[in-house]
Structures are given as C-alpha cells and as structure tokens.
Amino acid sequence: MDQAFNVDDIAPIAVLIDELRSDEVQLRLNAIHSIPTIALALGPDRARNELIPFLQDSVDDEDEVLLALAEELGRDFEEYIGGPQHAHVLLGPLENLSAVEETLVRDKAAESIAKIAGVLSPLQIEEHYIPLLKRLSQGEWFTSRTSSAALYAPVYQKVSPALQEELRKGFSALGADDTPMVRRAAARSLGAFVKALSKQHVLTDGLPIYRRLHGDDQDSVRLLTVEDLITIAQQLTPQEVKEQLLKQIRVTVSDKSWRVRYMAATHFNELAEAVGVELVREELIGQCVQLLKDNEAEVRTAAAGQIPGFSKLLDREVILARIVPCVRDLSHDTSQHVRAALANQISGLAPLLGREATIENLLPLFLHLLKDESADVRLNVISKLQTVNGVIDIELLSDSLLPAILELAEDKSWRVRQAIIEYIPLLATQLGKPFFDEQLGNLCMSWLGDTVFSIREAATINLKKLTEVFGVEWARVAIVPKVMGMGQHPNYLYRMTTVQAIATISPSLTLPIIQSEIIGPLLQLAADPIPNIRFNVCKALEVLATTFGSTAEGREFIKQKVVPTLEQEKNDGDADVRYFSGRGIYGTCEIPDSFLPFITLETNE
C-alpha cells in the first residue's frame, strides 16, 4: 500500500460514495473496481462494518456496475475483511444482487456465493448460508428462486444429514415451481446437485426431480434435462440405467420439440459412453439412426457430427449395416449444412472400416462430396484427407480432388481461397512431389498475385511450408526463380510480394541459395521508387541477418551485403524506411559507431 495514502485525510468511503453517485457510468465502474484498494486502506474492521453495509445498499444502479460488484466480491474478497472466518459478511450484498432483474448479474452473484461457500466453515454454513439459501428459494419474485438453484450443490456435502434432507426437499420444490424460469434454473443445476448426492439419494430424490423436469410442458426446460440424463446415467450401473432411464432416453430422442432432439443429438456420444456398451448395442443404435433421419436439418447436422465417435463403440459389421446407409443418405441431403457436417466427419469412419470396406462404401461418397456445389462441403472433405490417406491411397481420389481444388482456388470468396491455401501443404505431403509439381505448382504461384492481401500473405507462408515438405533443393528450382522473377513486374504489388516472400521463406533456405539467387535482386529493390517496398526490403534484410548471423560465413555475408545497404537506407527521404533500416542495422552483428546516434534518434521519434 502507498505509504503516502492517509486514511483519515482522504476518507475512502466518502470518495467511493461520491464516485458511485457520479452521472458517468465509467466513473461508477472504476469505483467498484477500486473497492479492494479501499478495503485495504480501511483495514478489516472498518471494511466489514462500513464498506460492506454500504455496498449492500448500493444495488440500485446500472447492470454493468452491479455485474462488476458481484464479480469483485467473489475474487477472494474475504482476505480484505479479516479472512475466511468473516467471509459470511459478503453474503449480504450478494444476496441482494442475486435477486435483481438482469440475468447476468444474478448468475455472477450466484457464482461468487458458490466461491465463498468453499471457504465457509460448517458453522458459518449452518448459521448464515442455509438461511440465505432458504430466503432465496422461497422469495416472492422468481429472480431470487432462479439464483438459488445453483447454490445447493456447493454446500450439500458439508452439512448434516438433517440439513441435507432439507436441501433435497428445497431443490425438489424448485423443480416443481410454477414459473418456467425457475424450473429451467433447476434443470440447469440438477446435474451438479446429483453429483453431490449419494447413490441412494440419486435414486430416491434425484430421479424424481429429473423425471418431473423431463416431462415439463416447456421445451426450454426439457432440453436442459439432456445433460442431466447423462450425469445421472454416470452415477448408475448399466443395469440401473436400463431399468430407470431407458424410457426417458427413448422419449428424449423422439421429443416433439426439435430443440430437445437437437440437444440429444449434440450430446449423443456422451450419453452412449455413460449408459454402457450393452445398452448402446441394444437400444442406442436405433436412436442414432432415428436422429440421423430426423425431419429437421439442425438435428441431422448435430447427429452427423457424432458419427465417428459413436461408431467407435460399434462392431465393424454393425457400422456397415446400420450407420453407412444413413451416411449415404446424408451425403445427398438437401441441406448444405448437413452435408458440410458429414464431410467434416465422414473420414473418421475410414480407420474403423479398413481399406476394402472404405474403398467399397466410403470412396464413392468422398468423390461425390468433392463435387458438391457448396464450397464448405468440399473444403471439409479436403481438410480431413489425412485420416483417409492412412487407410487408402489418396491417388484414388486424385481425379476428383484436382477439379475441387481448382474450383476452390478460384472461388469468389477470398476466405474460401485462403482456406484451401492452408490445406495445400497437407495435400502436398499426401500427393507427393511429382503430382504437386505437375498439377498444383503453378496454382500456388498464382496466389502470390491475388488482389486480396490476406491471400498473398497466406501464399507466402504456404511456400515456406512447401519448402519444409519437399526440401531446399526443390525450393531452389521450383519456387525461388518464380518469386524473384516477380520482382521485375511493373505492378508494385507483385514487387512487394516478392520482398515479403523472401522475408518469409528465407529462414527455410540455405546461405548459398541466398547468396546466388536472392540477395542480388533484393538489393536492387532497395532502390525501388515505392517507399513501402524499400522499408520492406529493410525488414527482409533484418530477417537475413537474424537467420544467418550465427556462423562466421553468415556474418561475413551480412557485413559485405546487408550492412552497406542498410547504412545507405538510413539517409532515405522516407521516415519509415529510415526507421526500419535502423532497426535492421541494430539487429546485425556489425553496428557502426556513426550509426548509433541515428538509431537512438529514430527510435525516440
């Protein structure tokens, strides 16, 4: 703490009050964020007796100010008021915040109360936390009751059996509340509460609450019970799941609301892992097929994302008999979102089926999806080819792959073009050097001239990655001559791309290639009439100095070629060129004495 901070003179509480009464929201926010400092200045006693009561009365404000207050009180604030033995004092203002109208504030207040519960003693919980929980649970307005739902689980295991019984009854009452918002909150918090229950009470108390919420007439409540179903299943044996939850699983998957079915599809793999292999094979295969054939595209999209994960739990023959026919139908789905989701996942089946079954059943689907009218579908297939290549030879796809790549490379959306560029190194690894040189080499160079900067930038990074894939000698023959040739182009963007490409790929090249192929044309561009090109040359020279300055040969090269050019550029008429030449010379091994004042001057500017 600042020693010059005089508590009596400055009167922190008065300052805080003034700022909280300001008309400017930002000032009030700053005041709230400063309450740890104020509490520290006041000391534990005054913080408890003056600051906390004041904050408890300060809940009539903008939502963002209240949100900040709820957050600050949950950040180990008990350390400012005397430690955990006084942490219950913080429950007062947080209780008020738990009943406000704004959901974000209530949720943050409940989160902070749960954190404080972690440091409370059993006596504090019994004397302060439980009464607070009862007040919130029985509040007249639904806002306090919704907040209370999340506060049962944090203390359940810390209280006596008698209080535990009261908590179970209290939570059950929330699950049967007249207000849908309260029942939603109960459904959202049921999973955490069930985890705190003993096995016996999961069956006697947790299941009845779940069943009541699962049968709610509001789909916004029912959809939240999907995750509760998974949590409860994790607490039970496979036989108990079969006896107690099978009906609910069937009802959930065939719910009249597509939003509930969507949630079931989204969490289907988690459910399958929770219920056990036996029930998966007896029951969930049919449920999975049902979701994959759902009337709603959103449900089919979510279900398609679960295919590989669910199939790992099945025998190969079952996948071929039950899952692959659904995959075949989805590949011709009318919704491009469904096809895109399938394209992103279908490759995951290849390792499960093996080479022969993949060629027979999946290869035709890959080829079909590579010709899809949607760019997203084609991109998703290409992005996952590595998985397929581990099972079958990618040459089997090459006839369809090349047209798909060429179409994506010329797509009107630059984001699609950028995405396919990022997959090129992966394709190069799988297709091999001969195929790449013949079919894709010129395409990669053409991207350097794209009208969108992000594409040109991605293209230079692509060349660096290709150099790492095919080797330096390949780059010397296939890339370097074409890149350096663009340095003579009349359009300055091409010349700029040459300089940026040099800076990007140089670290992957050898010094002899730099000396023989690159440094000469690069130094010519140092005299380019466009300032942007000249300072980018300085940046490229800095990269060369950093990359090759660790060897004696490299230092000699820098001394002979790099430093003289950078020294020449320090007198350029453009400020940016002078700055980057200064930065470049500073990064070299040789720093002429005459240049040091210039570096300092330019840096200070």
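As recorded by an unreviewed UniProt entry, the chain carries the name TOG domain-containing protein and is attributed to Pisolithus tinctorius Marx 270. Its UniProt record gives the chain the following Sequence similarities (unreviewed entry) comment, quoted word for word: "Belongs to the phosphatase 2A regulatory subunit A family."

## Looking at the overall build of the chain
Along the chain, the regular secondary structure elements total 42 helices and zero strands. Here the C-alpha radius of gyration of the chain, 33 Å, is well above what a compact globule of 605 residues would show, namely 25 Å. Based on the C-alpha atoms only, the size of the chain along its principal axes is roughly 85 × 80 × 40 Å. When the 605 residues of the chain are sorted by exposure, 52% land in the buried category.

## Focus: the domain arrangement of the chain
One frequently used descriptor of interface size is the decrease in accessible area upon assembly of the parts. Entries for the chain in the domain assignment read domain 1 (1–120) and domain 2 (471–591). Here the C-alpha centre of domain 2 lies 57 Å away from the C-alpha centre of domain 1.

## Examining the UniProt feature "repeat: HEAT" (unreviewed entry) in the chain
On the UniProt side, "repeat: HEAT" (unreviewed entry) is annotated at positions that read residues 90–128, 167–205, 206–244, 245–283, 284–322, 323–361, 362–400 and 401–439 here. Within the segment residues 90–128, helix and strand shares are 74% and 0% respectively, and the terminal C-alpha atoms sit 10 Å apart. Regarding residues 206–244, the helix share stands at 79% and the strand share at 0%, and the terminal C-alpha atoms are separated by 12 Å.

## Here we look at the nonpolar core
Counting residues in hydrophobic clusters, the biggest one holds 197 residues, and the most contacted among them are Tyr129, Phe310 and Trp447. At nine residues, helix H39 (residues 531–548) tops the list of elements feeding residues into this core. Mapping this core onto the domain boundaries places at least three of its residues in each of domain 1 (1–120) and domain 2 (471–591). In contact with Phe310, other than residues within four places in its own chain, are Phe268, Asn269, Ala272, Val280, Leu284, Ile285, Cys288 and Ile323.

## Brief notes about the pattern of salt bridges
The final tally for this structure, using the stated rule, is 32 salt bridges. When the shortest N-O distance is used, the salt bridge between Glu71 and Arg75 registers 2.9 Å. A residue is classified by how much of its surface remains accessible, and Glu71, at 28% relative accessible area, is partly exposed. Judged by its relative accessible area of 47%, Arg75 falls in the partly exposed class. Its salt-bridge partner being Arg75, residue Glu72 comes within 3.3 Å of it at the nearest N-O pair. Taking relative accessible area as the criterion, Glu72 reaches 6% and is therefore assigned buried. One network of salt bridges, in which partners are shared, links Glu71, Glu72 and Arg75.

## Section: helix H9 (residues 122–137)
Its axis deflected by about 35° at Tyr129, H9 carries its strongest bend there, up to four residues before the proline Pro131. Among the residues making up H9, those that are buried are Gln124, Ile125, Tyr129, Ile130, Leu132, Leu133, Leu136 and Ser137.

## A closer look at the packing of helix H37 (residues 492–505) against helix H38 (residues 511–525)
One can describe the packing of H37 onto H38 by two numbers: an axis separation of 11 Å at closest approach and a directional angle of 130°. Between H37 and H38, the angle is such that the two are oblique. When the axes of H37 and H38 are compared, the crossing they make is left-handed. Counted together, Arg495, Thr498, Val499 and Ile502 of H37 and Ile518, Leu522 and Leu525 of H38 form the full contact between these two elements. Considering only residue class, the contact of H37 with H38 consists of five nonpolar, one polar and one charged.

## A word on the confidence of the model for the chain
Per-chain confidence: the chain averages 85 in pLDDT, with 92% of residues scoring 70 or above. Here residues 1–10 is a poorly scored stretch, pLDDT under 50, and it has nine contacts once near neighbours within four places are set aside; other chains count. Across residues 589–605, where pLDDT falls below 50, the model places 28 contacts with residues more than four positions away in sequence or in other chains.

## Some words on helix H13 (residues 180–196)
Taking 1.5 Å of rise per residue, the 17 residues of H13 would be expected to cover 24 Å, and the 24 Å separating its terminal C-alpha atoms lies within 8% of that figure. Bending of H13 peaks at approximately 45° at the position of Leu190. Along H13, the residues that are buried comprise Val182, Arg183, Ala185, Ala186, Ala187, Ser189, Leu190, Gly191, Phe193, Val194 and Ala196. At its buried positions, H13 is contacted by helix H10 (142–148), helix H11 (153–156), helix H12 (161–175), helix H14 (199–214), helix H15 (219–222) and helix H16 (225–235).

Rules used throughout
- Residues numbered from 1 in each chain as written.
- Predicted model: local features only at pLDDT ≥ 70, side-chain atom pairs only at ≥ 80, totals over all residues.
- Heavy atoms only, no water.
- UniProt positions renumbered as here; feature names shortened; annotations may be inferred.
- Helix = DSSP H or I, 4+ residues; strand = E, 2+ residues; numbered from the N terminus.
- Rg over C-alpha atoms; globule rule 2.2 N^0.38 Å.
- Buried < 20%, exposed > 50% of the residue type's maximum accessible area, 1.4 Å probe, protein only.
- Domains from an automatic or database assignment.
- Core = buried A, V, L, I, M, F, W, Y, C linked by side-chain atoms within 4.5 Å.
- Contact = heavy atoms within 4.5 Å.
- Salt bridge = Lys/Arg side-chain N within 4 Å of Asp/Glu carboxyl O.
- Bend = angle between axes of the 7 residues up to and from the residue.
- Axes fitted to C-alpha atoms, helices over the stretch in contact; angles between N-to-C directions.
- Parallel < 35°, antiparallel > 145°, perpendicular 65-115°, else oblique.
- Left-handed = near helix turned anticlockwise from the far one by under 90°.
- Nonpolar A, V, L, I, M, F, W, Y, C, P; charged D, E, K, R; others polar.
- pLDDT = per-residue confidence, 0-100.
- Expected span 1.5 Å × (residues − 1).

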